[in-house]
Structures are given as C-alpha cells and as structure tokens.
Amino acid sequence: MKIAVLPGDGIGTEIVAEAIKVLKALDLPFQMETALVGGAAFAAHGHPLPDATLKLAKEADAILFGAVGDWKYDNLERHLRPEQAILGLRKNLGLFANFRPAICYEQLVDASSLKPELVAGLDILIIRELTGDIYFGQPRGRRTSVDGLFPGAEEAFDTMRYSKPEIERIAHVAFQAARKRSKRVTSVDKANVLETFQFWKDVVSEVGKQYPDIALDHMYVDNAAMQLVKAPKKFDVIVTGNMFGDILSDEASMLTGSIGMLPSASLNASNQGLYEPSHGSAPDIAGKGVANPLATILSAAMMLRFSLNQESAAQRIEAAVQSVLRQGLRTADIYSEGTTRVSTLEMGNAVVKAL
Ligand code: IPM
Ligand code: MG
C-alpha cells in the first residue's frame with residue numbers, strides 16, 4: 001500500500017506527523033513517501049506543486065495531505081499560490097468526489113456553538129463536487145497570469161460552469177452513498193438565479209429517476225445555510241457544487257464542535273483518493289503544538305476504508321478517537337471546563353495508546 005504523504009504548510013506538518021504515528025501503530029505494510037507541497041514547495045522549488053510531488057501522488061494508492069496556504073504568499077501570481085497545489089492535485093488526479101462527513105461525537109456536544117439538543121446525534125454527509133464549477137472556470141483579474149498580469153485592471157471575473165457528465169457522476173455518488181444511509185439526498189443549488197445551477201438541478205433530478213428508493217429534494221444554498229444551523233439533523237446526504245460545498249462544509253464543521261474534527265476524502269473514478277482535514281493551514285497557530293490532529297487522524301481512517309480496503313483498521317482508529325474523547329482529552333479548540341487540555345503531540349500519543 002503506497003501512501004504519498006504531503007504535509008504542506010502551517011499546522012500541516014504537525015497534524016500529519018500525528019496521523020503517521022497512528023498509521024504506523026497499525027503495523028500494516030505501508031510504504032510511505034513524503035514530499036513538499038504548497039508554500040513549502042514554492043519556497044524550496046519555486047512552484048507549489050513540483051513535478052516530482054505530482055508524480056509521487058499519481059503513483060500512490062492514496063495521498064495523505066495536511067494543508068496549504070500562508071498569508072505571506074497572498075501577493076503572488078495566482079498560479080504560484082500555495083492553494084494551486086491542492087487544486088492541481090484534485091484536477092490532475094480527477095478527484096471529483098469529495099466526502100465531508102459531519103458527525104457530532106457525543107462527548108463534544110457541548111463544544112458546539114449550537115444548543116446541545118440541535119447537534120446531539122448529528123450525522124450528515126456533505127458530498128461536494130471538486131473539479132468543476134467556478135473554481136475551474138476562466139479567471140481574469142489583477143493576479144491571473146494565463147493571459148498576462150493586469151495590475152491596473154478595473155474589473156475581474158471567474159466563469160462558473162458545469163457539464164452534464166460532471167453533474168451526473170457526482171449525483172450517482174450521492175445517491176449511492178444515500179443507499180447506505182437513511183436514503184435521503186438534498187441537492188443544494190441556486191437555480192433561482194444561476195443558469196449553471198438550474199442545469200445542476202435538472203440533471204440531478206434526471207439521475208434521481210434511476211434511484212426510486214431514494215427521496216430527493218432540492219434546496220437553495222442560502223436556505224441550506226440557514227437550515228444547517230436551525231435544524232441540522234433534518235439533513236442526511238447533501239450534494240452540491242464545488243463553491244457551495246466549500247462554504248457549507250465549513251459551516252457544518254462547527255456543528256461537530258470544531259473544524260478541527262472534520263475529515264475528508266476526495267476520490268476519483270478508480271477510488272484512488274486524497275485524504276485531508278477539511279480545515280486549512282492555520283498559520284496563526286502553526287508550530288505552537290495546539291492544533292487538533294483528530295481531523296487528520298480521522299482522514300487517515302477514511303483512507304484505510306476507501307482506498308486501501310482496510311475497513312477494520314479504519315474502525316479501530318475511529319474507536320480510538322472516541323476513546324480519547326471519552327477519556328476527556330481535548331486540544332484547545334474543543335476544550336471545555338472539566339476536561340483535560342492536551343497538545344497536538346499528546347493527542348496523537350493518546351490515540352496510539354488507545355489503539
Ligand atoms: C478546502 C479549502 C480549499 C478549497 C482551498 C485551500 C483551496 O478551503 O479544501 O475546503 O477552497 O477547496
Ligand atoms: Mg474550504
């Protein structure tokens with residue numbers, strides 16, 4: 001089992017180190033190779049996604065990814081920004097299906113900013129389309145470089161587009177995921193304003209006819225954002241485009257207690273996958289040993305499940321995470337009175353011990 005390890009920037013290196021510890025403790029035949037990505041790769045090689053890193057990722061069965069981004073790169077041309085590394089990996093590997101489960105663990109009910117009764121037992125799955133939409137349209141602005149730089153430009157634009165096959169394949173992923181859950185899919189769009197999302201809605205409805213056992217409903221994204229904090233448990237599977245999925249998954253993460261708890265899997269058609277926490281590189285807390293490694297550790301569990309065919313190992317990691325939470329161990333982001341505050345490293349060690 002070949003794993004490409006790409007820690008990236010900011011807290012990326014710290015949280016990935018803890019996930020690696022946990023993987024090693026499983027005593028499975030992993031072959032892990034690490035490479036630079038994001039701002040770290042730009043600083044060393046002048047590009048956020050060097051050829052060697054892309055090659056390593058392509059040849060691996062799975063990729064364990066930390067996070068990319070740092071304010072110090074804010075003024076770079078767009079194609080050199082750290083974020084282009086993750087976007088390039090998603091596009092080059094065809095990782096179109098992004099799974100972002102938002103589960104509120106019993107022990108963290110009080111860490112959520114919402115009332116306990118709203119989030120207790122919460123288990124929703126956001127499926128975000130990851131290689132289309134306005135993220136991959138044609139950009140033009142002061143820092144684009146496809147057509148040259150336009151430092152004095154007085155307008156900027158990005159184009160939003162989806163093709164029928166792109167919507168169809170993500171819709172199939174959502175309906176099939178719903179079959180293993182409570183058989184409900186909410187497709188989130190902005191069909192009342194955007195032609196791209198009227199098309200999205202039509203195509204999802206068409207695909208839905210092949211799944212008569214699944215209840216499909218449609219919701220405008222603004223309403224979905226509101227319903228997520230009003231009555232989040234009404235949702236089961238949410239399927240949406242790249243941009244709305246980015247925003248709604250950050251929102252949903254807070255229902256679980258902290259964005260530091262939300263793992264993700266990004267899969268292509270052959271189940272090769274990239275696994276990363278849903279949160280960013282948090283340069284403000286980097287190097288302080290306070291970041292929560294659980295989202296990355298839970299992403300490693302998803303990697304075992306989806307790409308490496310090791311379901312029981314995945315469950316062992318998930319059980320170990322629950323166990324440390326039951327023991328009352330908390331990083332700063334999920335700390336509350338009466339629990340024990342631990343560092344990034346201590347949290348990783350505790351998961352290993354629980355394993
Ligand atoms: C995410 C992140 C990325 C995105 C950034 C880092 C490009 O916010 O994975 O949600 O916008 O997709
Ligand atoms: Mg995001």
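What you see is a predicted model, and the numbers here were worked out from it, not measured in a lab.

Chemist: Whenever I open this one, the packing of aromatic side chains confuses me. Can you help?
Modeler: Aromatic ring pairs are reported here in terms of the distance separating the ring centres and the angle at which the planes meet. This model, assessed by the stated rule, comprises 7 aromatic pairs. With a centroid separation of 6.2 Å and an interplanar angle of 85 degrees, the aromatic rings of Tyr-162 and Phe-197 are classed as edge-to-face. With Tyr-162 in the loop between β7 (157-158) and α6 (164-179) and Phe-197 in helix α7 (residues 195-208), this residue pair connects regions lying 35 residues apart in the sequence. For the residue pair Tyr-162 and Phe-197, the accessibility class agrees, reading buried in each case. Ring centres 4.8 Å apart and planes at 15 degrees place the aromatic pair Phe-175 and Tyr-211 in the stacked group. One end of the pair, Phe-175, is in helix α6; the other, Tyr-211, is in the loop between α7 and β9 (215-220), with 36 residues separating them in the sequence.

Chemist: What is the right way to read helix α9 (residues 242-255) from this model?
Modeler: End to end, α9 covers 20 Å across 14 residues, agreeing with the expected 20 Å (1.5 Å per residue, within 8%). Those residues of α9 that fall on the buried side of the exposure criterion are Asn-242, Phe-244, Gly-245, Leu-248, Ser-249, Ala-252, Ser-253 and Leu-255. Once α9 ends, the next one or two residues include Gly-257, with phi positive near 115 degrees.

Chemist: I keep staring at the domain arrangement of the protein chain and nothing clicks. Help me out?
Modeler: Quite often, the size of an interface is put as the accessible area lost when its parts meet. Segmentation of the protein chain into domains returns domain 1 (1-96 + 268-355) and domain 2 (97-260). Placing a centre on the C-alpha atoms of domain 1 and another on those of domain 2 gives a separation of 22 Å. The partner domain 2 presents 27 residues to the 26 residues of domain 1 that form the contact. Summing both sides of the interface, domain 1 and domain 2 together bury roughly 2,400 Å²; the carbon and sulfur share of this comes to 61%. It is Arg-90, Phe-96 and Ser-278 in domain 1 that bury the most area against domain 2; as a group they hold 29% of the surface buried on that side. For the side of domain 1 that touches domain 2, the secondary structure elements donating two or more residues are α4 (83-92), α10 (294-306) and α11 (311-326). With 4 residues, the single largest contributor to the side of domain 1 that touches domain 2 is α10. Across the side of domain 1 that touches domain 2, the residue classes break down as 10 nonpolar, 7 polar and 9 charged.

Chemist: Is there a simple way to explain the pattern of salt bridges in this structure?
Modeler: When charged atoms on two side chains of opposite charge get close, those side chains can pair. Counted under the stated rule, the structure contains 16 salt bridges. Note that Glu-154 is salt-bridged to Arg-142, the shortest N-O span being 3.5 Å. Taken together, the residues Glu-154 in the loop between β6 (139-140) and β7 and Arg-142 in the loop between β6 and β7 connect sequence positions 12 residues apart. In this structure Arg-142 comes out as partly exposed when scored by relative accessible area, which is 46%. Between Arg-181 and Asp-236 there is a salt bridge; the shortest N-O distance is 3.0 Å.

Chemist: Just checking my understanding: could you explain the sheet that holds strand β3 (residues 62-67) for this structure?
Modeler: Within a beta sheet, neighbouring strands are joined by backbone hydrogen bonds and run either parallel or antiparallel to one another. Spatially, the 10 strands line up as an open sheet ordered β2-β1-β3-β12-β11-β4-β5-β10-β8-β9, and their pairing is mixed. Bordering the open sheet on either side are β2 (31-34) and β9, each of which pairs with just one other strand. Here the strands of the sheet are splayed against their neighbours by 20 degrees on average, with no regard to which way each runs. Two elements, β3 and strand β12 (residues 273-277), share 3 bridges in a ladder whose sense is parallel. Counterpart to Ile-63 in the pairing with β12 is Leu-274. The sheet strands contacting α6 are β4 (97-103), β5 (123-129), β8 (184-189), β9 and β10 (237-240), and the helix crosses β5 at an angle near 165 degrees. Contacting β5, β8, β9 and β10, helix α8 (residues 221-230) runs over the sheet at an angle of about 105 degrees to β9.

Criteria and thresholds
- Residues numbered from 1 in each chain as written.
- Chains lettered and ligands numbered in written order.
- Predicted model: local features only at pLDDT ≥ 70, side-chain atom pairs only at ≥ 80, totals over all residues.
- Heavy atoms only, no water.
- Phe/Tyr/Trp six-rings, centres within 6.5 Å; stacked < 30°, edge-to-face > 60°.
- Helix = DSSP H or I, 4+ residues; strand = E, 2+ residues; numbered from the N terminus.
- Buried < 20%, exposed > 50% of the residue type's maximum accessible area, 1.4 Å probe, protein only.
- Expected span 1.5 Å × (residues − 1).
- Domains from an automatic or database assignment.
- Contact = heavy atoms within 4.5 Å.
- Buried area = accessible area lost by both parts, 1.4 Å probe.
- Nonpolar A, V, L, I, M, F, W, Y, C, P; charged D, E, K, R; others polar.
- Salt bridge = Lys/Arg side-chain N within 4 Å of Asp/Glu carboxyl O.
- Pairing = 2+ DSSP bridges.
- Axes fitted to C-alpha atoms, helices over the stretch in contact; angles between N-to-C directions.

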